[in-house]
Amino acid sequence: MEKTTSSKEGTVSGEFERQAVPSSHHKSWKKFLGMYAGEHAAGTEFVIGPLFLTAGVSAFDLIVGLLLGNFLAVLTWRYVTTPIATGERLTLYYKLEKIAGKKLVTGYNLANGLLFCFLAGAMITVSATAVGIPFDMPMPALTDTVPNSLSWVLVVLTVGAVISIVAARGYDTVAKFSNWAAPFMIAVFLIAGIVAANRLGVDSWSSLWAVWGEGSEPFPGQIKFTFWHVLFFAWFCNAAMHLGMSDLSVLRYADKNSVGWTTAAGMYVGHFMAWISACLMFALYLKSPEASAIFASGGIPPVAPGPLAYEVVGIAGLICVVIAGWTTANPTIYRAGLAFQAIFPKSSTVKVTLVTGGIATIAGLFPAFAMKLLDFVAVYGFILAPIGAVIFFEHYFADKMGFGKDYVMNKGLTFNWAVLAAWLISMAVFYSISVYFGIFLSFFTLPAWIACGLLFLVFSKKLQSQEK
């Protein structure tokens, strides 16, 4: 791996953590297409698809909601995230340090890194459900929160170790792995969806309606999903990456802003085709004698990706589930490693990423992160998205408001109370409304993001005017 030195920071790194990516390392759209397709046609899809059914969503609400919600997500990546990524060429963590200060960013990076570790842990859980089938491993149930067997622990530890090693090799290795895996996973998702549909007797919209219809009552512990739930979930399930600017760390390598359109490969191959395919696989399982027996006994059928895929497409399904978990966990651990590396800038990126992978593996031992994925991604997007508004509003409005960019770094400070106050107030207000009225949290991600940005401008203007 090539080594580079930042003269300003005096740190040595191969991933440009504390400097702008030089033009010699800019990458074309081809480097991103496979990565986004692989990351989003991946492990989460095997879980989120079935979870839509547990939320009782109808066929119309799911299909149309995904079409529109994913389109809004692509627009957000293209026009909100990518222009700043190519303009600054910095990681989220270093850019935020310039605005918010080292002390504040340390706390943010810790929260950010841990949330990404939990997401990666959920994907390790997904892969483990496939690896464990030959060993007759008991699968986690929808209501499980802790490991249910020694075999589960051993399989998760093994899968997590492999994933962590791949992620520690850096961005190029992560991208190459995703590019290699994406075509296979996409083909398996498509074939599995077709096979499941055929076995369900679906050959037209009317027959799909007969199978899926207007949805059903949600499973115990799940909320009822409507069209609007699907749309906002599809738009903001990756809010941390686009509105929250986490993908500055990836898109800083893009040679043009048009690279932002490559996210459509992830949204429509992964968050549309793959989610619907996974829904059909789970719908097929729900009609099986095993699921009927579980329902009859008052239980809840498990959402285990490995057995679902194996039942529909056999060994190819198992391999797909394993790789799907990897291709989501790899870039997620990479992002989390960058967050932790920003806290310990003198530490080796490889060592920090390996430790990060260890944390994710421990999280993967607990199936609750995967079984409650709809709620988890809504929460982590809601928490991390508003801080991206600070970067967005500073980038476009700081000069117009009469105060400069990178305020804390230019002043030699380590803490910017304007950022913390805007972030905490926006989150506290909208999270409280969500809890008090029992409204799905994804409905408040955009309002919290806008509020945080506006509050940051107001507080920053006040802070800097007091110094004059």
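Residues numbered from 1 in each chain as written. Predicted model: local features only at pLDDT ≥ 70, side-chain atom pairs only at ≥ 80, totals over all residues. Heavy atoms only, no water.

K.L.:
What's the story with the overall build of the protein in this structure? I'm lost.
P.N.:
Along its length, the protein carries 20 helices and 2 strands. For the protein, the C-alpha radius of gyration of 22 Å lies close to 23 Å, the compact-globule estimate for 468 residues. Dimensions of the protein, computed from the C-alpha atoms along their principal axes, are close to 75 × 45 × 40 Å. Within the protein, buried positions represent 60% of all 468 residues. (Helix = DSSP H or I, 4+ residues; strand = E, 2+ residues; numbered from the N terminus. Rg over C-alpha atoms; globule rule 2.2 N^0.38 Å. Buried < 20%, exposed > 50% of the residue type's maximum accessible area, 1.4 Å probe, protein only.)

K.L.:
When you look at the pattern of salt bridges in this model, what are you seeing that I'm missing?
P.N.:
Two side chains carrying opposite charge are able to pair once their charged atoms lie near each other. Applying the stated criterion to the full structure yields 4 salt bridges. Ionic pairing is found between lysine 95 and glutamate 88, a salt bridge with its closest N-O pair at 3.3 Å. With relative accessibility at 2%, the residue lysine 95 sits in the buried group. By relative accessible area, which is 17% here, glutamate 88 ends up buried. Here aspartate 406 ties to lysine 95 by a salt bridge, and the two come within 2.8 Å at their closest N and O atoms. Placement of the pair is aspartate 406 in the loop between α17 (373-397) and α18 (407-411) and lysine 95 in helix α4 (residues 92-100), with a sequence separation of 311 residues. On the basis of relative accessibility, which here comes to 15%, the residue aspartate 406 falls in the buried class. Three or more residues are tied together by salt bridges with common partners; here these are Glu88, Lys95, Glu394 and Asp406. (Salt bridge = Lys/Arg side-chain N within 4 Å of Asp/Glu carboxyl O.)

K.L.:
What exactly am I supposed to notice about unusual backbone geometry here?
P.N.:
With the exception of glycine, most residues fall at negative phi, and the peptide bonds are largely trans. With a phi angle near 60°, arginine 89 is a residue other than glycine that sits in the positive phi range. Residue placement: arginine 89 occurs in the loop between α3 (59-88) and α4. With a relative accessible area of 11%, arginine 89 lands in the buried category. With phi around 70°, methionine 245 is a residue other than glycine that occupies positive phi space.

K.L.:
Just to check I follow, could you spell out the confidence of the model for the protein for this structure?
P.N.:
Across the protein, the average pLDDT comes to 84, with 93% of residues at 70 or higher. The element-level mean pLDDT for the protein is lowest in strand β1 (residues 4-6), coming to 35, with helix α9 (residues 227-236) highest at 96. (pLDDT = per-residue confidence, 0-100.)

K.L.:
Any chance you could explain the environment of isoleucine 133 here in plain terms?
P.N.:
Inspection of the secondary structure puts isoleucine 133 in the loop between α5 (102-131) and α6 (150-168). When the C-alpha positions of isoleucine 133 and alanine 378 are compared, they lie 30 Å apart, and in sequence the two are 245 residues distant.

K.L.:
Looking at this structure, I do not really get the packing of helix α13 (residues 305-313) against helix α14 (residues 315-343). What am I missing?
P.N.:
Two quantities define a packed helix pair, namely the angle between the axes and the distance from one axis to the other. Two elements in contact, α13 and α14, have axes separated by 6 Å at closest approach and are oriented at 150°. When the axes of α13 and α14 are compared, the crossing they make is right-handed. Touching Pro305, Gly306, Ala309, Tyr310 and Val313 of α13 are Ile315, Ala316, Gly317, Leu318 and Val321, all from α14. For the contact of α13 with α14, the class distribution of residues is 8 nonpolar, 2 polar and no charged. (Axes fitted to C-alpha atoms, helices over the stretch in contact; angles between N-to-C directions. Left-handed = near helix turned anticlockwise from the far one by under 90°. Contact = heavy atoms within 4.5 Å. Nonpolar A, V, L, I, M, F, W, Y, C, P; charged D, E, K, R; others polar.)

K.L.:
Even after reading the chapter, I still don't get the packing of aromatic side chains, so can you show me in this structure?
P.N.:
Each aromatic ring pair is characterised by the separation of its centres together with the angle its planes make. Using the criterion set out here, one finds 34 aromatic pairs in the structure. Ring geometry for phenylalanine 118 and phenylalanine 369: centres 4.8 Å apart, planes at 10°, overall stacked. Taken together, the positions of phenylalanine 118 in helix α5 and phenylalanine 369 in helix α16 (residues 368-371) put the pair 251 residues apart, joining distant regions of the chain. Residue phenylalanine 118 is classed as partly exposed on the basis of its relative accessible area, which comes to 25%. A relative accessible area of 24% places phenylalanine 369 in the partly exposed class. (Phe/Tyr/Trp six-rings, centres within 6.5 Å; stacked < 30°, edge-to-face > 60°.)

K.L.:
Hey, could you run me through α4 in this one?
P.N.:
Each α-helix turn comprises 3.6 residues. Residues three or four places apart therefore point the same way. Within α4, 9 of the 9 residues are buried, which leaves it mostly tucked inside the rest of the structure. Buried residues of α4: Leu92, Tyr93, Tyr94, Lys95, Leu96, Glu97, Lys98, Ile99 and Ala100, and no others. Positive phi shows up at glycine 101, right after α4, with a value of about 100°.

K.L.:
Looking at this structure, I do not really get the environment of threonine 54. What am I missing?
P.N.:
Relative to the assigned elements, threonine 54 resides in helix α2 (residues 43-54). Along the primary structure threonine 54 and isoleucine 300 are separated by 246 residues, whereas in three dimensions their C-alpha atoms are 9.6 Å apart. With residues near it in sequence (within four places) discarded, threonine 54 still touches Leu142, Pro218, Phe219, Gln222, Phe282 and Val303.

K.L.:
Can you help me understand the state of the cysteines in this one?
P.N.:
Disulfide: a covalent bond formed between the sulfur atoms of two cysteine residues. Summed over all chains, the structure comprises 0 disulfides. Of the cysteine sulfurs around cysteine 117, a residue in no disulfide, the closest is that of cysteine 237, at 19 Å. (Disulfide = S-S within 2.5 Å.)

K.L.:
I would appreciate a short explanation of a nonpolar patch on the surface in the present structure.
P.N.:
Together, Phe184, Tyr310, Ile315 and Ile319 make up an exposed nonpolar region whose accessible area comes to about 360 Å². Within the element layout of this structure, phenylalanine 184 appears in helix α7 (residues 171-200). Judged by relative accessible area, which is 31%, phenylalanine 184 ranks as partly exposed. (Patch = residues over 30% accessible without salt bridge, like charges linked within 9 Å, V, L, I, M, F, W, Y side chains within 5 Å. Areas by Shrake-Rupley, 256 points an atom, 1.4 Å probe, with all protein chains shown as cover.)

K.L.:
What am I meant to see in the side chain of serine 127 here?
P.N.:
Residue position: serine 127 is located in helix α5. By relative accessible area, which is 0% here, serine 127 ends up buried. A polar contact of 2.8 Å, which involves the side chain of serine 127, links it to the backbone oxygen of valine 322. Once you skip the residues sitting within four places of it in the chain, serine 127 turns out to touch Val159, Val321, Val322, Gly325 and Trp326. (Polar contact = N/O pair within 3.5 Å; in protein donor to acceptor, adjacent residues only side chain to side chain.)

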